[in-house]
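# Examining the three-dimensional arrangement
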Amino acid sequence: MIKRRSVLAATAGWTIVGASAVRAQAWPAQQIKIVVPYGPGGATDTAGRLLAEKLTPLVGQQVIVENKGGGNTIIGMELVAKSKPDGYTLLLGTTTLATNAALGLKQPYDPLKDFQPISTLADIPDFIAINKDLPVKDYKAFVDWVNSQPQKVRYATSGLGNQPHLWAELFRARNKLNLENIAYKNAADALRDVMGGHVPIVIDVVMPAGVLATQGKLTGIAVSSEKRSPVCPDVPTVVELGMPDMVSAVFFGVVGPAGIPRPVLDRLNGLVRQIIKEPAVEKKFADLGYVTTGSTPEAYLEKLKFETERWTKVVKDNGIKVEG
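Residues numbered from 1 in each chain as written. Predicted model: local features only at pLDDT ≥ 70, side-chain atom pairs only at ≥ 80, totals over all residues. Heavy atoms only, no water.

What follows is about the overall build of the protein. Along its length, the protein carries 11 helices and 10 strands. Reported as C-alpha extents along the three principal axes, the dimensions of the protein are approximately 85 × 40 × 35 Å. A buried classification covers 50% of the 324 residues belonging to the protein. Across the protein, the fraction of contacts at a sequence separation of at least 24, relative to all contacts at a separation of at least 6, is 78%. Carbon and sulfur atoms provide 56% of the accessible area of the protein, an area that totals close to 15,000 Å². Here the protein carries 37 positive and 31 negative side-chain charges, and the mean point of each set is 6 Å from the other. (Helix = DSSP H or I, 4+ residues; strand = E, 2+ residues; numbered from the N terminus. Buried < 20%, exposed > 50% of the residue type's maximum accessible area, 1.4 Å probe, protein only. Contact = heavy atoms within 4.5 Å. Areas by Shrake-Rupley, 256 points an atom, 1.4 Å probe, with all protein chains shown as cover. Lys, Arg positive; Asp, Glu negative; His and termini not counted. Charge placed at Lys NZ, Arg CZ, Asp CG, Glu CD.)

On to the packing of helix H6 (residues 163–174) against helix H11 (residues 297–318), then. Taken N-terminus to C-terminus, the directions of H6 and H11 make an angle of 65°; their axes are 10 Å apart at the nearest point. For the element pair H6 / H11, the angle class is roughly perpendicular. Crossing of H6 over H11 shows left-handed handedness. Taken together, the residues of H11 that come into contact with H6 (itself represented by Gln163, Leu166, Trp167, Glu169, Leu170 and Arg172) are Arg310, Trp311, Val314, Val315 and Asn318. Class assignment of the residues belonging to the contact of H6 with H11 gives a composition of six nonpolar, two polar and three charged. (Axes fitted to C-alpha atoms, helices over the stretch in contact; angles between N-to-C directions. Parallel < 35°, antiparallel > 145°, perpendicular 65-115°, else oblique. Left-handed = near helix turned anticlockwise from the far one by under 90°. Nonpolar A, V, L, I, M, F, W, Y, C, P; charged D, E, K, R; others polar.)

Right, let's get into the nonpolar core. The tendency in soluble globular proteins is for nonpolar side chains to be buried side by side. The biggest cluster of nonpolar side chains holds 52 residues, and the ones touching the most others in it are Trp27, Leu55, Leu121, Phe127, Val202, Leu218 and Phe285. Looking at which element gives the most residues to this core, the answer is helix H9 (residues 262–276), with seven residues. Sequence-distant contacts of Trp27, defined by excluding residues within four places in its chain, comprise Ile32, Val59, Asp86, Gly87, Tyr88, Val264, Arg267, Leu268 and Leu271. (Core = buried A, V, L, I, M, F, W, Y, C linked by side-chain atoms within 4.5 Å.)

So, in structure tokens, the structure goes:
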């Protein structure tokens, strides 16, 4: 009887493994959809379409992009979280997988339980720049200048509660600076007012602010990466400035609904990492200000956990509130 049960158990286990392997061999047997949780035309959409274009010939099926903007990316993310976990519906995940939870926004899913991380894709670091006419040319002079002002110094961001704003608050607290955030609706308006002298400082991602600094239209102070950005190679990193704990970025990755079979997950992971290491793809991402990354699913999950904890503390410590 014991031997018979052992055989039955082994057979059952083989059946499960065998079925999973069959599904993996059959995948993909139909069109694959990458949901971009923003409208068409932006840098995130461009990254999603580049990934879809490169995936299509590798999998032998059409890979399309579906834009589902709105709700601070929650609409698009809910669609994916509630999709069948078969590898046919994917999400171009952004930092909002961590920051929405940190901000306490109501989400119809658990970002750490209802998604399966597949691979990180690319980072775009944060960037501090100032009006070019200020009597400041480097980080030390910047800190001294801010501290010498009798009132709070305003800094512009491209939105309330986004990752650059949270990083800016972390930077402000880290350096004990008397700064006050002015949240704009977009980066273009923020940059325009800083170049125009209406606000002295902008803290946003490195693109396009870094290009404007290289062109002499802004003065770059610091970039939040470990290595200098090719967008503005003359601007020092936070590591060079003695702040390795300030390394950060808006990060992108590919996720799917929780429960994707491991063989399909492994194949997707390998394909994404293969694509982003192509020199032509790295170049296109670099032109957008991104640095390609790539990771295991497990490392991506740990990153999401770390970022969620990090920004939750920043939100709490600074009393940041966003409606939603």
